[in-house]
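Structure assessment
So you can see what is in the structure, the chains are spelled out below.
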Amino acid sequence: MSAGAIRDLEQGRTRSPRRESVQAIATALGLSGPDVEHLHAAAEAHRAQLAEAGPIRGGPLRIRVLGPIEVWHGDVQAPLGSDLQRTLLARLALGAGTAVGQDELIDLLWPHGETQNPVALLHTHVARLRRLLDSDSVLLGGQSGYRLAVTADQLDLLTFRDLTARAAYGTPEEALSRLAEAVALWRGEIDAEGPASSPLYTAIAGEYATTVQTFAALARDLGRPERALIPVRELAHRRELDEPLHAELILTLAASGRQAEALAAYDRIRSALADQLGIDPGERLRSAQLAVLRQQEGHARRKRGRTSIQQAPAAPPDFVGRADHMARIEAVLARTDQEPGPSSPRIVMIDGIAGVGKTALALAAAHRLRAEYPDGQLYADLRGATATPPEPMQVLGRFLRALGVPSRQIGTDEAEAAALFRSELADRRMLVLLDNAHDADQVRPLLPGAGRSDLIVTSRRRVLGLAGASVVHLEPLDPEESIALIAATTGSHRIDADPDAAGALAEACARLPLALRIASARLATRQAWAIGDLTRRLHDDNRRLSELSTGESSVLTSFQLSYTDLSAAAQRAFRLCSLHPGDDFAADTTGVLLAMPATDADRVLEDLLEANMLMQYATDRYRFHDLLGLYARRLLADDAEGESARSRLYTWYTDAVTAAMEWVYPQLVRLDTHAERDAIFATEADALAWLDAELPALVAVVRHTAGSADRALSWRITDQLRGYFLIRRHIDGWLPAAEAGLDAAVRAGDDVARTAMLISRGQALWSVGRDEEALSDCLAGERLASTTGWTTAAAYLSHHIGWHHLEHGKITDAEEWLHRALELTEDDRLGHVRAVALNGLGMLRLCQGELRDAAELFTAALEINVATGRETSALANRGNLASALRQLGAEARAAELLTDVLAAYRKGANLRGELSTLDELSQLHRQRGDAATALELARRAHDMAIVVHDRKATAQTAATAAQAYLALGDTTAAAHWFEQCVTIAHDTYPFVEARALAGLATVRLSAGDPASASHTAE
């Protein structure tokens, strides 16, 4: 029997179960002999009583067929009697007013010819049904057939169809309300066996499925996906191979903020399709999965303004000309829907001299082609003209994170990241823009793979070696286009006043768009000047940079002209801003660099922006065009203030990152703390946002200072950034920064700094799975910390070493190091490290089964963290304490703790904390005898572990799910999940593997295979 049938009996919806159902119940209960006969007799007596009951009068007739069949007269439910009567009513009701012939009814009621006079018996059952309905005018017909003459007020199927029809009219809100009402009428599967297997009922079930899908889509459109979540989830559970329905479930879960469950739902139907039909998910399902991975909800969310990834900056508003080049680009990238299967990416290579307008053309083309790339556009400036272009791995990391790939999954191997990038683009239609490339080697790792994504590359060089690339070579604008570009900024009236001077100005600028824009901006702000005045200034050889090559002279002449026209303050800012270590910078860091308040710096930056000497690609973030940056650095070479300004900026960065970590991770074991964090950041959110924005600059400072006289700044900044990397859980720049800081500390002979850098590098190595190297750094760091007398660091590293041994099953070593950590913190009894050491020792005792000791240790750690306000650490302590209490039998207290911890993790959107708590709750419910809830929680935790790519948690939750299946008596599923756990945990997580093997041994013993069970247990 299905779970639904049991529920129908339990809740009174089924009042007269079939003999087969009664027998199934008897078998499940283990009844035999007289007990089985007694159960059947009771059921038969109840059937007879119901059959002999007369009509019930209690109010208007209401027939319910969208679920277990029911007949109501007002508030009184009528007993349906025998299975035959139930089947008869079900068939007539499903016909919804259509006549059903006697022959069809006879075949339905007595399919094997069990009676000799079926017509007479049919008439008898019809008469009984008329009495039940208390009306001769409802059940009509005779020898030719029968039908129910009912209205929408009397039959829920007609009500359902009326509501769905009316949902097509009126406002979206009215439609949602009507669809919700229609869906609510469906109470489950019909409980009449014959009609339930008929094509008619299959079609009605299809109507309901379509309505649920429409309801879900509309609910997402209106921003209320939760309204549809329950019905779409329940229906998907019953129709496990219905791809369109499961696509709606995935999108609705994602729209409700349940991305982990959405991805898990996709994995379930993918597995079901493969196991039962041997096929892969269709396009609709794959699109739904991709929408979740990109943190989108498809069309509904786009209608509410949440668009696809669009990283490309806007095209210059004064873009002119290039019509032939634009047509060429469009032709190269043109595709048709009839193209068979995935194809190679189309590549457009735009090259030309500096300032010729390569970037402007690429951005204008991207803007024009935006509709052709529904999944969006990725953009990166490869800075090929600079001495420090970004590594392909850095760009891949940014692209993959934008596509929704977690940082830990990206790793550090360039080839693997490039392959992952190609996989992510395989089912997308995206345009990738790579600006200012140096050569083909810089571009190749960033190429899309087979699919429908394309690439535009710009470079000053003619890049060779990109197979299949179509080259678009740019020359300077023609004279008419050049004058049109000047007019776009200065106004056409000034061109009309002196067209010859305008032509001369265009030639003086070499008809290069960058130079034309800078010169035109000067004219626009100098209304008293004639065009000829500016032209004469450009022809003054004394203003030219004689050392520049001929190919660049006209562009740099424009730079010199614009620079000369700046105020002294703006000139100083232009030169010194080239000292910014990152790709972009903000007003506050510029204020430090210029030794002025941020508000004043902002005004100077705006002056530079208006003069086209800077670019602004995001709110409050500025950057140089590559040639302008080069020009600024050349000017800086003669500026005596340069070194002092650089020192001032780098010192401020060190102070600011220390203050930021005082907000974000105050308990971090580190070299320096900050007594006045409020003087720099107002809140923790402000500090974290600053770290997010300035991380590239901070890492660049580490790199720049490591070999300088200011090398101490290198390790001081790296030491603080360790806390940021631990919180954000991504590793871009961590390991290189740690290695640079360590090298600086070694050169300086500073053992305390070496200790801090070994901590940082060890944790960076641990984060990428290089455990043995991480342990080596921790051991070396602990020795140095002990030698230098940095006791807190020695204790912190002792804990890390102990935890490493615990993870790898080395209990004796783990206990020795964790006790050492505890001993070293005797003089700091409220310290963070002592709490960490107590918690680690508690986990060790938990693994050893010493539950009371474990509970005491967790409680001691919790008391420290509560007393010092370290709530995040306290949550972990409470979860661990709940595990110990559960195993000690204090189930009520464990449940109380876990409920509070789960709520806190969900409030903070901490998926890892949530999944670990769900795992523990599953074990608690299983221990209490509620295996069904235990399984649901374990599966949910397992899905989350997969989403966050936590291998250990994936293994642990698989073991928990297996134990729930075992408690439910499903030994096949239990064995599958235990084996899955063993596969993941083998040789990596010995405790988890041992737990799974013990469970697998239990399964095999229960299956009557003691030899295999013994072997597994051993």
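Residues numbered from 1 in each chain as written. Predicted model: local features only at pLDDT ≥ 70, side-chain atom pairs only at ≥ 80, totals over all residues. Heavy atoms only, no water.

Attention now goes to unusual backbone geometry. For Arg322, which is not a glycine, the phi torsion comes out positive at approximately 65°. Looking at the element boundaries, Arg322 is found in the loop between strand E6 (309-310) and helix H16 (323-333). Residue classification places Arg322 among the buried positions, given a relative accessible area of 5%. One non-glycine residue, Ala595, lies in the positive phi region at around 60°. Structurally, Ala595 is set in the loop between helix H29 (587-594) and helix H30 (598-610). (Helix = DSSP H or I, 4+ residues; strand = E, 2+ residues; numbered from the N terminus. Buried < 20%, exposed > 50% of the residue type's maximum accessible area, 1.4 Å probe, protein only.)

Moving on: the packing of aromatic side chains. In the structure shown here, the tally under the stated rule is 14 aromatic pairs. Taking 6.3 Å as the distance between ring centres and 40° as the angle between the ring planes, the aromatic pair formed by Tyr653 and Trp690 counts as tilted. Taken together, the positions of Tyr653 in helix H32 (residues 642-664) and Trp690 in helix H33 (residues 684-705) put the pair 37 residues apart, joining distant regions of the chain. For the pair shown, Tyr653 and Trp690 are each scored as buried. Pairing Tyr724 with Phe725 gives two aromatic rings, centres 5.9 Å apart and planes at 70°, and the pair type is edge-to-face. (Phe/Tyr/Trp six-rings, centres within 6.5 Å; stacked < 30°, edge-to-face > 60°.)

With respect to the secondary-structure elements, Leu806 resides in helix H38 (residues 791-807). The buried category is assigned to Leu806, whose relative accessible area is 5%. Between the C-alpha atoms of Leu806 and Ser32, which are 774 residues apart in sequence, the distance is 53 Å. Contact partners of Leu806, with chain neighbours within four places excluded, come to Ile811, Ala814, Gly840, Met843, Leu844, Cys847 and Phe991. (Contact = heavy atoms within 4.5 Å.)

Turning our attention to helix H45 (residues 931-947). Residues separated by three or four positions in an α-helix point in the same direction, a consequence of the helix having 3.6 residues per turn. Look at H45: 24 Å from first C-alpha to last across 17 residues, which is about the 24 Å you get at 1.5 Å a residue. Burial in H45 covers these residues: Ala931, Ala934, Leu935, Leu937, Ala938, Ala941, His942, Asp943, Met944 and Ala945. Against helix H13 (259-277), helix H44 (911-927), helix H46 (951-968) and helix H47 (971-985) lie the buried residues of H45. (Expected span 1.5 Å × (residues − 1).)

Along the chain, Thr87 turns up in helix H4 (residues 83-95). Residues within four places of Thr87 in sequence aside, it is in contact with Leu108, Leu109, Ala192 and Pro195.

As for its position among the elements, Arg224 is in the loop between helix H10 (199-221) and helix H11 (226-238). As a C-alpha pair, Arg224 and Thr868 span 644 residues in sequence and 41 Å in three-dimensional space. A polar side-chain atom of Arg224 sits 2.4 Å from a polar atom in the side chain of Glu173. (Polar contact = N/O pair within 3.5 Å; in protein donor to acceptor, adjacent residues only side chain to side chain.)

On to a negative patch on the surface. Together, Glu391, Asp413, Glu414 and Glu416 make up a negatively charged patch on the protein surface. In this fold, Asp413 is placed in the loop between helix H19 (407-410) and helix H20 (414-425). (Patch = residues over 30% accessible without salt bridge, like charges linked within 9 Å, V, L, I, M, F, W, Y side chains within 5 Å. Areas by Shrake-Rupley, 256 points an atom, 1.4 Å probe, with all protein chains shown as cover. Salt bridge = Lys/Arg side-chain N within 4 Å of Asp/Glu carboxyl O. Lys, Arg positive; Asp, Glu negative; His and termini not counted. Charge placed at Lys NZ, Arg CZ, Asp CG, Glu CD.)

Turning to the packing of helix H22 (residues 479-490) against helix H25 (residues 513-524), a few remarks are in order. In the contact formed by H22 and H25, the axes pass within 8 Å of each other and the chain directions differ by 35°. Considering the relative orientation of H22 and H25, their crossing is right-handed. Two secondary-structure elements touch here, H22 through Ser482, Leu485, Ile486, Thr489 and Thr490 and H25 through Pro513, Leu516, Arg517, Ser520, Ala521, Leu523 and Ala524. Among the residues forming the contact of H22 with H25, the class breakdown is seven nonpolar, four polar and one charged. (Axes fitted to C-alpha atoms, helices over the stretch in contact; angles between N-to-C directions. Left-handed = near helix turned anticlockwise from the far one by under 90°. Nonpolar A, V, L, I, M, F, W, Y, C, P; charged D, E, K, R; others polar.)

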